[in-house]
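Each chain is listed here by its residues.
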Amino acid sequence: GATVIGVFRRYTEDLQANSGKLILAGLSPALYEQLKRTGMLALIGKENVFRVTEAIGEAGNTALNAAMAWLAETSTGEKTVAEDEAAIEQHVQEIL
């Protein structure tokens, strides 16, 4: 409930303060509605929130593709897109 929303809020604000963004995947309808009610959906950005689908892994794959596209658009030159993609892939595997 409120604890998750608070964590999302702080993390989102920290990421945004450092030119990053939070991308969420596989959200249930209830959590999506809670993000909407609390204003978190607007803070995170609708385009960064991927709801659960009937196809296993679809939301995660869509989110991963969106993250890689965003990295390609915003690359700072400090890391190559391939290095960023590899870091994302590793993080996804750690979560799974």
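Structure: see above.
Here goes a summary of the coordinates provided. Fair warning: this is a prediction, and the values are worked out from it, not measured in the lab.

**Points about the overall build of the protein**
Per the secondary structure count, the protein includes 5 helices and 2 strands. For the protein, the sequential pattern of α-helices and β-strands runs α-β-α-α-β-α-α. In the protein, buried positions account for 26% of the 96 residues. Pairs at least 24 apart in sequence give 55% of the contacts found in the protein among residues at least 6 apart.

**Things to note about the environment of leucine 71**
Summarising the element assignment, leucine 71 is placed in helix α4 (residues 58-74). Once the C-alpha coordinates of leucine 71 and glycine 20 are considered, the two residues, 51 residues apart in sequence, prove to be 9.5 Å apart.

**Overview of the packing of aromatic side chains**
Given two aromatic rings, one states the distance between the centres and the angle between the planes to describe the pair. Evaluation of the coordinates by the stated rule reveals 0 aromatic pairs. Residue placement shows arginine 51 over the ring face of tyrosine 32; its charged tip is 3.7 Å from the ring centre.

**Details of the environment of glycine 60**
As for its position among the elements, glycine 60 is in helix α4. Exposure remark for glycine 60: the relative accessible area of 35% places this residue in the partly exposed category. Separated by 34 residues in sequence, glycine 60 and glycine 26 place their C-alpha atoms 6.4 Å apart.

**Overview of the pattern of salt bridges**
All chains considered together, the criterion is met by 1 salt bridge. The salt bridge partner of lysine 36 is glutamate 33, with a shortest N-O separation of 3.8 Å. Of the two residues, lysine 36 and glutamate 33 are both situated in helix α2 (residues 29-38); the distance of 3 residues between them amounts to about one turn of the helix. Residue classification places glutamate 33 among the partly exposed residues on the basis of a relative accessible area of 33%.

**A short note on helix α1 (residues 2-17)**
The end-to-end C-alpha distance of α1, which contains 16 residues, comes to 22 Å, matching closely the 22 Å that a straight helix rising 1.5 Å per residue would cover. Restricting attention to buried positions, one finds in α1 the residues Ile5, Gly6, Phe8 and Thr12. Each buried residue of α1 lies within a common arc of 165° when the element is viewed along its axis, so the set occupies one face. Exposed and oriented more than 90 degrees from the buried face of α1 are Thr3, Arg10 and Ala17. Of the surrounding elements, those touching the buried residues of α1 are β1 (24-27), α2 and α3 (40-44).

Conventions and cut-offs
- Residues numbered from 1 in each chain as written.
- Predicted model: local features only at pLDDT ≥ 70, side-chain atom pairs only at ≥ 80, totals over all residues.
- Heavy atoms only, no water.
- Helix = DSSP H or I, 4+ residues; strand = E, 2+ residues; numbered from the N terminus.
- Buried < 20%, exposed > 50% of the residue type's maximum accessible area, 1.4 Å probe, protein only.
- Contact = heavy atoms within 4.5 Å.
- Phe/Tyr/Trp six-rings, centres within 6.5 Å; stacked < 30°, edge-to-face > 60°.
- Lys NZ or Arg CZ within 6 Å of the ring centre and 35° of its normal.
- Salt bridge = Lys/Arg side-chain N within 4 Å of Asp/Glu carboxyl O.
- Expected span 1.5 Å × (residues − 1).
- Arc of directions from axis to C-beta.

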